[in-house]
Amino acid sequence: MTWVGMIIALAGALGYAIGAALQQYEAVAEGASLKLIRRPRWWIGGIIGFTGASLHAVALSFAPLVAVQPISVATLVFAVPLAAFMYGRKPYRAEIFGSIAVAVGLLWLMLLVPTHNVTPRLGNGAALGFVAMIGVIVLVTQVMASRVQGANKALLLSVGAGVVTATVSTFVRVVGGGMQGDWGRLVHWFTLAVPVLLICAVVLLQRSYAVGFFGIAYAGVQVIDPITSVLAGAILLGEPLPTSPSTAIPALLASALTIGGTITLGRLSPDHSRPAPAPEPEETETRQEDATAALTPGVVSEDATAR
């Protein structure tokens, strides 16, 4: 059944990538605000993305986190070129290389994790502690993001979105994987927590997309989400992690490749879905006067004299 879950996860990841590219385009145009609900393309992206997320949830009912989560990373090589197409341009070479590096590095890292399908069990205390820790991470990243700009801002916001998305995956794994045919297990606060966390993840995602660096924002989520999910699966659900010393060097190489790809994506210029506003007429006239005065010997504009 693990292979069934992996195939479903791949279909869901492709849908999630398409939805993310559509929503990022609209988020750059309108910002992460309520104005987005008036944009049909944002809704279309949301529906496609939600369908992908639903398939991802179904996949987690068939396969463990360590098998399902890495599959979503592969869509990075499709999502970034798709986002470039939305802006009417060809993907930058750095976008392609950076995306491939992140995808290959993280997939390589995840493949080092042994797959073992265990029935997930999570106590209330551990679950509350997990949510509290995620809340602290989100708060810290939001505060730090408010003090920086550009790619760093997009990356920090994507970290917060990634850990919340991983929390959703973890709870879905516990609810879906722990059912074992007993639908009564759905009646639990874990089930109610999933849509609340999902809404939080969507808001954080839109904020990271609105910065304009889709490559770094999407890569950040795709890296943080599976790593956090795998750690949660190992620490909270008893899913195994690699313990052989022979995996240490490959893990370091995979990590270096992932980090290098992320840095490459972070050095790209932001995308903008609409041109910058034209200067006001008075401002244009002032600039023209200053330019004329600068080119005419002995002539100084009134504004320049005042300065």
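Residues numbered from 1 in each chain as written. Predicted model: local features only at pLDDT ≥ 70, side-chain atom pairs only at ≥ 80, totals over all residues. Heavy atoms only, no water.

### Brief notes about the overall build of the protein chain
Argument step 1. In terms of helices and strands, the protein chain carries 12 helices and 0 strands.
Argument step 2. Element order for the protein chain, N to C, with α for helix and β for strand: α-α-α-α-α-α-α-α-α-α-α-α.
Argument step 3. Counting only residues that meet the buried cut, the protein chain has 45% of its 307 residues in that class.
Argument step 4. Long-range pairs, those at least 24 residues apart, make up 81% of the contacts in the protein chain between residues at least 6 apart in sequence.
Argument step 5. Surface exposure of the protein chain reaches about 15,700 Å², of which carbon and sulfur atoms provide 70%. (Helix = DSSP H or I, 4+ residues; strand = E, 2+ residues; numbered from the N terminus. Buried < 20%, exposed > 50% of the residue type's maximum accessible area, 1.4 Å probe, protein only. Contact = heavy atoms within 4.5 Å. Areas by Shrake-Rupley, 256 points an atom, 1.4 Å probe, with all protein chains shown as cover.)

### Let's talk about the pattern of salt bridges
Proximity of charged atoms lets side chains of opposite charge pair with each other.
Argument step 1. Applying the stated criterion across every chain yields a total of 3 salt bridges.
Argument step 2. Where Arg 89 meets Glu 95, a salt bridge forms, and the shortest distance between an N and an O atom there is 3.0 Å. Taken individually, Arg 89 and Glu 95 each receive the classification buried, so the pair is uniform in this respect.
Argument step 3. Through salt bridges with shared partners, a single network forms among Glu 26, Arg 39 and Arg 41. (Salt bridge = Lys/Arg side-chain N within 4 Å of Asp/Glu carboxyl O.)

### Observations regarding the nonpolar core
Argument step 1. Among the nonpolar cores identified, the biggest contains 62 residues, and Leu 122, Val 164, Phe 171, Phe 190, Tyr 209, Phe 214 and Tyr 218 are the most heavily contacted of them.
Argument step 2. The element best represented in this core is helix 7 (residues 150-177), accounting for 12 residues.
Argument step 3. Residues within four places of Tyr 218 in sequence aside, it is in contact with Ala 13, Tyr 16, Ala 17, Ala 20, Thr 75, Leu 76, Ala 79 and Tyr 209. (Core = buried A, V, L, I, M, F, W, Y, C linked by side-chain atoms within 4.5 Å.)

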